[in-house]
Amino acid sequence: TSNISLNSTMPLMWVLTCARKNNPPFSNADQFEIIANHLPSPQDEWTFNPSILTGVAQASVPASLSLSQNYPNPFNPSTTIHYQLSTAGKVTMKIYNVLGQEVRTLLNEVQNAGPHTLTWNSRNDAGIGVASGVYFYRCEIVPSSGTAALSRTMKMLLVK
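Now for a quick tour of the structure.

What counts and how
- Residues numbered from 1 in each chain as written.
- Predicted model: local features only at pLDDT ≥ 70, side-chain atom pairs only at ≥ 80, totals over all residues.
- Heavy atoms only, no water.
- Helix = DSSP H or I, 4+ residues; strand = E, 2+ residues; numbered from the N terminus.
- Buried < 20%, exposed > 50% of the residue type's maximum accessible area, 1.4 Å probe, protein only.
- Contact = heavy atoms within 4.5 Å.
- Core = buried A, V, L, I, M, F, W, Y, C linked by side-chain atoms within 4.5 Å.

On to the overall build of the protein, then. Counting its regular elements, the protein contains zero helices and seven strands. For the protein, the N- to C-terminal ordering of α and β elements is β-β-β-β-β-β-β. The buried share of the protein, reckoned over its 160 residues, is 22%. If you take every contact in the protein between residues at least 6 apart in sequence, the share linking residues at least 24 apart comes to 54%.

Okay, here's the thing in structure tokens:
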């Protein structure tokens, strides 16, 4: 049995034994590709048999950020923002007014790849309700892999 919960940030490893049905056994010249959904780390343990290994390369995952239109839009008093990360990294989500002034920081933390959701309650960083109008939400990720930062911006409308 496993002590790892579904909410654990610990990467899970599948153990797999490969065999060819009605074919000769694998040889040293055979090549295999292992794809992991997390960045390699010193905690990873890889065991190969036969033990001859000619090279290990990290798969290139295209860095991308998908930011969806908030819902509902127009909204009052709160709205939900969905986004998807293709890689882990430091993520910030900020709300701006039409003058480009920062109104609220909803998120500023490292997150794993995958789908994420945030809710904005139409309040600024001081907890004060903002006026009706057009606002922009901007999501930026600085990938852990060291690739260039990506950002997306969308418009939303608060109607009171």
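That shown, we press on.
So, on to the side chain of Thr 87. Mapping Thr 87 onto the fold places it in the loop between β2 (79-85) and β3 (89-97). When sequence neighbours within four positions are dropped, the list of residues in contact with Thr 87 reads Ala 113, Ile 141 and Pro 143.

The biggest cluster of nonpolar side chains holds 21 residues, and the ones touching the most others in it are Tyr 83, Met 93, Ile 95, Trp 120 and Tyr 135. Only β1 (65-67), β2, β3, β4 (102-111), β5 (114-120), β6 (133-143) and β7 (150-158) provide two or more residues apiece to this core. Ranked by the residues each element gives to this core, the list is headed by β6, at four residues. With sequence-adjacent residues up to four places away left out, Met 93 is seen in contact with Leu 67, Ile 81, Tyr 83, Arg 104, Thr 105, Leu 106, Leu 107, Leu 118, Tyr 137, Arg 138 and Cys 139.

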